[in-house]
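# Chain and residue survey
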Amino acid sequence: MRTIQIVDTTLRDGLQAPGVCISRRAKIEIANRLDKIGLPELEVGTPAMGKTACDDIRAIDRLGLSARISVWCRARRDDLAAAAECGVEGVHISFPVSDILLNAFNKDRIWLKRTMAELLPDACRRFDRVTVGAQDATRTTLDKLMDFAATVAGFRVDRLRIADTVGICRPLQIEQTIDAIRCYVPDLPLEFHAHNDLGMATANAVTAAEAGAEALSVTVNGIGERSGNAPLEETVMALAGVDTLTCTILTDTLASLCERVAKMTGRPIPEAKPITGAAAFRHQSPIHLAGLRRSPLAYQPFLPQTVGWTGKQFFNASSGNAPPRNKHPVAA
């Protein structure tokens, strides 16, 4: 069985969601909660955003969490310098790789290779862990993406992140892309970063893992820009159904974690949200209710308690005995 590394970027990509702004105290609480459920790596901010962001990053780094702490940087020397001043163990350097993004920033592939050659050796000297991002990888031709991956493999980096930056990919495309890169550069560990613009972030993330990606980038509640990212809670529970894969995440407080983050960010959890929505384990059909009375798994993929729901294992929406929000374990 292969262990998938879950990289949580709630405190970086998640907090880029429009209108979301939380305090340092809230960031510290989220970091502690994520660490307690077994997240191996937390991406906690972007140093280039300024002094407040750097102070927040330092505060999280000083917590002494078990999780590795990393930050996100553009492909710029001043970004790396700011990250180094934060004292964190890891840095992620994102390079635009699609023609669309390169043209948008007045760059070309000559700039791309030159900048990689200038920045990556320096980053590897400054940080214990360096990961490289292929930003907008899914709008890049496969040959150009594989050429980028081969260049990355020539440096002492820990992982290459394949980013579906605008969330346009489908699971079959992700499978083919991950498989092709793994075959081309077999010794380079891969991470997949999904966005949810077409509603396929979770499916794409799990497919990437099944295709051979070693790590997945997620956020609590899928919070993030536009339609968000692959949700931590959905990705973890979907991985639990894959016989050949596992991860280190403890699931029995996922519901309370998600509710707490929803409250902090002002982004309520939709009632029908998978895993943690109030209706996720609510039933009305008499056939379903009859089956559930005989077996709690008759019409449910797993027991509600698996993710931290308390009370009855199934609920009849028409009779009004679904749990109100303040009966959710979050309130405890």
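The notes below deal with the structure included here. (Residues numbered from 1 in each chain as written. Predicted model: local features only at pLDDT ≥ 70, side-chain atom pairs only at ≥ 80, totals over all residues. Heavy atoms only, no water.)

So, about the packing of helix 6 (residues 142–153) against helix 7 (residues 171–184). Their axes nearest at 10 Å, the elements helix 6 and helix 7 cross at an angle of 45°. By the angle between their directions, the pair helix 6 and helix 7 is classed as oblique. The interaxial crossing formed by helix 6 with helix 7 has right-handed handedness. Seen from helix 6, the contacting residues are Leu142, Leu145, Met146, Asp147, Ala149 and Ala150; seen from helix 7, they are Thr177, Ala180, Ile181 and Tyr184. (Axes fitted to C-alpha atoms, helices over the stretch in contact; angles between N-to-C directions. Helix = DSSP H or I, 4+ residues; strand = E, 2+ residues; numbered from the N terminus. Parallel < 35°, antiparallel > 145°, perpendicular 65-115°, else oblique. Left-handed = near helix turned anticlockwise from the far one by under 90°. Contact = heavy atoms within 4.5 Å.)

Here the focus is the sheet that holds strand 2 (residues 5–8). Backbone-to-backbone hydrogen bonds join strands into a sheet, with any given pair of strands oriented parallel or antiparallel. Reading around the barrel, the eight strands line up as 2-3-4-5-6-7-8-9 and close back on themselves, with parallel pairing between neighbours. Each strand axis lies, on average, 25° off the axis of its neighbour in the sheet, ignoring direction. The sheet contact formed by strand 7 (residues 159–164) and strand 8 (residues 190–194) spans five bridges and is parallel. Considered in strand 8, the bridge of Leu160 is made with Leu190. (Pairing = 2+ DSSP bridges.)

Moving on: the packing of aromatic side chains. This structure, assessed with the given rule, holds two aromatic pairs. A centroid spacing of 5.7 Å and a plane angle of 70° characterise the contact between Phe281 and Phe302, whose relative ring orientation is edge-to-face. Of this pair, Phe281 sits in the loop between helix 10 (254–265) and strand 11 (282–283) while Phe302 sits in the loop between helix 11 (286–294) and strand 12 (315–316), and the two are 21 residues apart along the sequence. By the burial criterion, Phe281 is buried, and Phe302 matches it. (Phe/Tyr/Trp six-rings, centres within 6.5 Å; stacked < 30°, edge-to-face > 60°. Buried < 20%, exposed > 50% of the residue type's maximum accessible area, 1.4 Å probe, protein only.)

Moving on to the packing of helix 3 (residues 77–86) against helix 5 (residues 109–126). The interhelical angle for the contact between helix 3 and helix 5, taken along N-to-C directions, is 5°, at an axis separation of 11 Å. Viewed along their axes, helix 3 and helix 5 adopt a mutual orientation that is roughly parallel. Listed contacts from helix 5 to Arg77, Leu80, Ala81 and Ala84 of helix 3 are Glu118, Leu119, Asp122, Ala123 and Arg126. Each residue belonging to the contact of helix 3 with helix 5 can be placed in one class, and the counts come to five nonpolar, no polar and four charged. (Nonpolar A, V, L, I, M, F, W, Y, C, P; charged D, E, K, R; others polar.)

This part is about the pairing of strand 7. Within strand 7, six of the six residues are buried, which leaves it mostly tucked inside the rest of the structure. By the alternation rule, side chains of strand 7 split into Arg159, Arg161 and Ala163 and Leu160, Ile162 and Asp164, which are all buried. As paired elements, strand 6 (residues 129–135) and strand 7 share four bridges and run parallel to each other. When the sheet's bridge partners are listed, Thr131 is paired in strand 7 with Arg159. Taken together, strand 6, helix 6 and strand 7 constitute a β-α-β crossover, and its handedness is right-handed. (Right-handed = clockwise from strand over helix to strand, strands pointing away.)

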